[in-house]
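Spelled out from the first residue to the last, the chains are:
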Amino acid sequence: MLVEQNIASIDIAKIRNDFPILNQQINGKQLVYLDNAATTQKPRQVIDALSGYYEHTNANIHRGIHHLAEKATSEFEATRRHIQGLLKARLPEEILFTYGTTDSINLVAQTYGRKFLKEGDEILISTMEHHSNIVPWQMLCEEKGCVLRVIPINERGEIVMEEFEKMLSERTKFVSVVHVSNALGTINPVAEIIKKSHAVGAKVLIDGAQATSHLHLDVQALDCDFYAFSLHKLFGPTGMGILYGKENILNAMPPYRGGGEMIKEGTFEKTTYNELPYKFEAGTPNIADVVAAKSAVDYVESLGIDAIADYEKQLLDYATEALQSLDGLRIVGTANEKVSVISFVMEGIHHQDIGVLLDQQGIAIRTGHHCTQPLMQRLGLAGTSRASFSVYNTIEEIDRLVQGLHKVRKMVG
Amino acid sequence: MTINEIQDDLIEDFSLFDDWESKYEYIIDLGKQLSPLDEKYKTEENIIKGCQSRVWLHAFTEGDELRFEADSDAIIVKGLVSMLVKVLSGHKPEEVAHADLYFMNEIGLHQHLAQTRSNGLASMVKQMKAYGLAYQSINQ
């Protein structure tokens, strides 16, 4: 039974009711889902929007003149305006639909990067990047002869700003950093990073995969050139992501993939490209998931991102204290500014054993290197265990995690 | 004992446990009991890379028997590894190559073999059978 909790204007019982997947037993125990940094669960509103699209609306968009085609197009474009609102972008055309954060970053590397970066140009990333924000730049560097440089972090898992400033020069042409670290939870000072990068003439991409479900966003106030994220980490469907880019930069970029929708006129001799955003959306897009994503944004806005952040902060504080009370447990990533993600290691116990034994108790966490192998090397770890909390998690679930870890210690230690 | 007799013994051992805790405590014990693999065999060549835990597998022959020694840095995987060694070590290469490993399924541990990226167990079974095939063709 849930204890009545109404902290920070969050009605937790009502919210949990919106997520049908939470109400199930795993290995005979009530599921405790603490793997939200990998993907969040979906509220009934998103599930209904997805099935409702296929039941009532399905048609291919933009070209058809029949009723369903127009309805599908209108719902598809409504999501674009919703995302524009969420990010506070200047124009809906600055919102491109992609397959996810990884796809968004690859798009920038393969279009902006290939056109505008050249041999000897420097690209800066941080030590805490996900492989998705490392490999596309390595591929570009290999092709164009650019230099990838890595901004160091301190022991708490924060970017060392003085070192970053020292690395900036007229050779710095691109800076791509994560807004919130998936492995450590650190919130990076991206506004300052963007400002300082712009001062040397570099363009900036912010990997927002882990930020959108926790933080208030304003791409115009941030002044970033690109912002990338995935909807599935924001209560939305999988296989759908966003690339925000400033209009003038997107216009200057060549198209990414060729095909239908992205052309204005095509002959076998020459094709002229469509305008924004369609220039970058070749082929039939992921219409159903884009349409359902609007309900995810609506859901977040109905709760209010500030109320979500307040509630998650309470979960983070409670969990931090409770976990620290466990013998031999060390929290990895102790930045001053953090979202509700806790990575930890337990002395003498392999993280995989922690994951397997918690799973037996119905508790889902993530273990391993979290696709940040260079970060793990920097920290001298093979991997960590990571519990990440969302707005539907409860204090009691954190207690279950702590009890579960006591049991792991008893069995393995 | 044949490979299948050893498997049947393990299935019987596990049938005594009626909850997950005693089952996993037993696996952990098996892991702790596994004779340590000599450090000289913990080479890059002998490593079977899983996504999260590492497994080392050393194969050699004694007479006409193929033998295995193994280790892992995670204790549950080590327990599972110890069962695989118990089942497959000390048999003729052709028996290893053609073994039908049904015990993991029977004792409800099949998910550990199915998680292809999270541990090296599925690759380990493949590698053990590959050694069986290799030594079989050497002997012929």
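Shown above is the structure to which this text applies.
Keep in mind that what you see is a predicted model, and the values were worked out from it rather than measured.

**Student:** Is there a simple way to explain the overall build of chain A in this structure?
**Tutor:** Secondary structure assignment for chain A yields 14 helices and 17 strands. By the burial criterion, 59% of the 413 residues in chain A qualify as buried. Within chain A, contacts between residues separated by at least 24 positions form 71% of all contacts whose residues are at least 6 apart in sequence. In the form shown here, chain A has an accessible surface area of approximately 16,800 Å², with 50% of it arising from carbon and sulfur atoms. One finds the centroid of the 40 positive side-chain charges in chain A at a distance of 3 Å from the centroid of its 51 negative side-chain charges.

**Student:** Explanation requested: unusual backbone geometry in the structure shown.
**Tutor:** Negative phi values dominate among residues other than glycine, just as trans dominates among peptide bonds. All names here are of chain A. With an omega of -5 degrees, the peptide bond running from Leu-276 to Pro-277 counts as cis. With respect to the helices and strands, the residue Pro-277 is situated in the loop between strand S12 (271-273) and helix H10 (287-303). One non-glycine residue, His-370, lies in the positive phi region at around 55 degrees. If you trace the backbone, His-370 turns up in the loop between strand S16 (366-368) and helix H13 (373-379). Residue class for His-370 comes out buried when judged on its relative accessible area of 7%.

**Student:** Could you clarify how one ought to interpret the packing of aromatic side chains in this entry?
**Tutor:** The description of an aromatic ring pair rests on the distance of the ring centres and on the angle between the ring planes. For the coordinates displayed, the defined rule picks out 19 aromatic pairs over all chains. Relative to Tyr299(A), the ring of Phe19(A) lies with its centre 5.6 Å away and its plane at 85 degrees, an arrangement referred to as edge-to-face. Placement of Phe19(A) in the loop between helix H1 (12-18) and strand S1 (25-26) and of Tyr299(A) in helix H10 is noted, with a sequence separation of 280 residues between them. With respect to burial, Phe19(A) and Tyr299(A) carry one shared label: buried. Every member of this aromatic cluster is reached through a ring pair, and the members are Tyr112(A), Phe116(A), Trp137(A), Phe174(A) and Phe226(A). Above the plane of the ring of Trp56(B) lies Lys42(B), whose end atom (NZ or CZ) is 5.0 Å from the centre.

**Student:** Just checking my understanding: could you explain the sheet that holds strand S1 (residues 47-49) of chain B for this structure?
**Tutor:** What links the strands of a sheet is backbone hydrogen bonding, and the strands pair in either a parallel or an antiparallel sense. Residues and elements named next belong to chain B. As summarised here, the arrangement of the 3 strands in space is S1-S2-S3, forming an open sheet in which the pairing is antiparallel. Every other strand in the sheet has two partners, leaving S1 and strand S3 (65-72) as the edge strands with one partner each. Between one strand and the next, the sheet's axes are offset by a mean angle of 30 degrees, whatever the strand orientation. Bridge analysis of S1 against strand S2 (residues 54-62) gives 3 bridges, and the strand direction is antiparallel. If you follow Ile-47 over to S2, its bridge partner there is Trp-56.

**Student:** I keep staring at the state of the cysteines and nothing clicks. Help me out?
**Tutor:** Such a bond, covalent and formed between the sulfur atoms of two cysteines, is termed a disulfide. All names here are of chain A. Enumeration over the complete set of coordinates arrives at 0 disulfides over all chains. Here Cys-141 stays unpaired: no disulfide links it, and the sulfur of Cys-146, its closest cysteine neighbor, is 5.0 Å away. With a relative accessible area of 11%, Cys-141 lands in the buried category.

**Student:** Sorry if this is basic, but what is going on with the side chain of Glu122(A) here?
**Tutor:** Residue and element names in this part refer to chain A. As for its placement among the helices and strands, Glu-122 is situated in strand S5 (residues 122-126). Polar side-chain contacts of Glu-122 include one of 3.2 Å to the side chain of Arg-149. Setting aside residues no more than four positions away along its own chain, Glu-122 makes contact with Val-147, Arg-149, Met-167, Ser-169, Arg-171, Thr-172, Lys-173 and Phe-174.

**Student:** Could you clarify how one ought to interpret the interface of chain B and chain A in this entry?
**Tutor:** By a frequent convention, interface size equals the accessible area lost on bringing the separate parts together. At the interface, 18 residues of chain B touch 17 residues of chain A. For the chain B and chain A pair, buried surface summed over both sides reaches about 1,500 Å², with 55% attributable to carbon and sulfur atoms. Per-residue buried area on chain B facing chain A is highest for Trp20(B), Gln52(B) and Ile76(B); these three make up 42% of the total on that side. A salt bridge links Glu21(B) to Lys407(A); its shortest N-O distance comes to 3.2 Å. Seen at the junction of chain B and chain A, the total is 5 residue pairs in polar contact (both at pLDDT 80 or more). Those elements giving two or more residues to the side of chain B that touches chain A turn out to be helix H2 (20-33), helix H3 (75-88) and helix H6 (110-114) of chain B. Counting residues per element, the side of chain B that touches chain A draws most heavily on H2(B), which supplies 6 residues.

**Student:** How should I be thinking about the nonpolar core in this particular structure?
**Tutor:** Nonpolar side chains in soluble globular proteins tend to be buried together. Among the nonpolar cores identified, the biggest contains 149 residues, and Leu87(A), Tyr227(A), Leu405(A), Met83(B), Phe103(B) and Met124(B) are the most heavily contacted of them. Sort the elements by how many residues they give to this core and H3(B) lands first, with 10 residues. Both of domain 1 (3-43 + 304-412) and domain 2 (48-301) of chain A provide at least three residues apiece to this core. Those residues in contact with Leu87(A) that sit more than four places away from it in its chain are Ile95(A), Leu217(A), Asp218(A), Val219(A), Tyr227(A), Phe229(A), Ile242(A) and Tyr244(A). Of all hydrophobic cores here, the second largest spans 24 residues; its members include Leu117(A), Cys141(A), Ala228(A) and Leu276(A).

**Student:** Can you help me understand H2(B) in this one?
**Tutor:** For an α-helix, the turn length of 3.6 residues means that residues three or four places apart are oriented alike. Helix length check: H2(B) (14 residues) gives 20 Å between terminal C-alpha atoms against 20 Å at 1.5 Å per residue, within 8%. All of the buried residues in H2(B) are Trp20(B), Glu21(B), Lys23(B), Tyr24(B), Ile27(B), Ile28(B), Leu30(B) and Gly31(B).

**Student:** Explain the pairing of strand S6 (residues 147-151) of chain A here, please?
**Tutor:** A regular strand carries its side chains on alternate faces of the sheet. Residues and elements named next belong to chain A. With 5 bridges connecting them, S5 and S6 associate as parallel partners. By the bridge assignment for S6, Glu-122 is matched with Val-147. In this fold, S5 hands off to helix H5 (residues 135-144), which returns the chain to S6; that crossover is right-handed.

Parameters and conventions
Residues numbered from 1 in each chain as written. Chains lettered and ligands numbered in written order. Predicted model: local features only at pLDDT ≥ 70, side-chain atom pairs only at ≥ 80, totals over all residues. Heavy atoms only, no water. Helix = DSSP H or I, 4+ residues; strand = E, 2+ residues; numbered from the N terminus. Buried < 20%, exposed > 50% of the residue type's maximum accessible area, 1.4 Å probe, protein only. Contact = heavy atoms within 4.5 Å. Areas by Shrake-Rupley, 256 points an atom, 1.4 Å probe, with all protein chains shown as cover. Lys, Arg positive; Asp, Glu negative; His and termini not counted. Charge placed at Lys NZ, Arg CZ, Asp CG, Glu CD. Phe/Tyr/Trp six-rings, centres within 6.5 Å; stacked < 30°, edge-to-face > 60°. Lys NZ or Arg CZ within 6 Å of the ring centre and 35° of its normal. Pairing = 2+ DSSP bridges. Axes fitted to C-alpha atoms, helices over the stretch in contact; angles between N-to-C directions. Disulfide = S-S within 2.5 Å. Polar contact = N/O pair within 3.5 Å; in protein donor to acceptor, adjacent residues only side chain to side chain. Buried area = accessible area lost by both parts, 1.4 Å probe. Salt bridge = Lys/Arg side-chain N within 4 Å of Asp/Glu carboxyl O. Core = buried A, V, L, I, M, F, W, Y, C linked by side-chain atoms within 4.5 Å. Domains from an automatic or database assignment. Expected span 1.5 Å × (residues − 1). Right-handed = clockwise from strand over helix to strand, strands pointing away.

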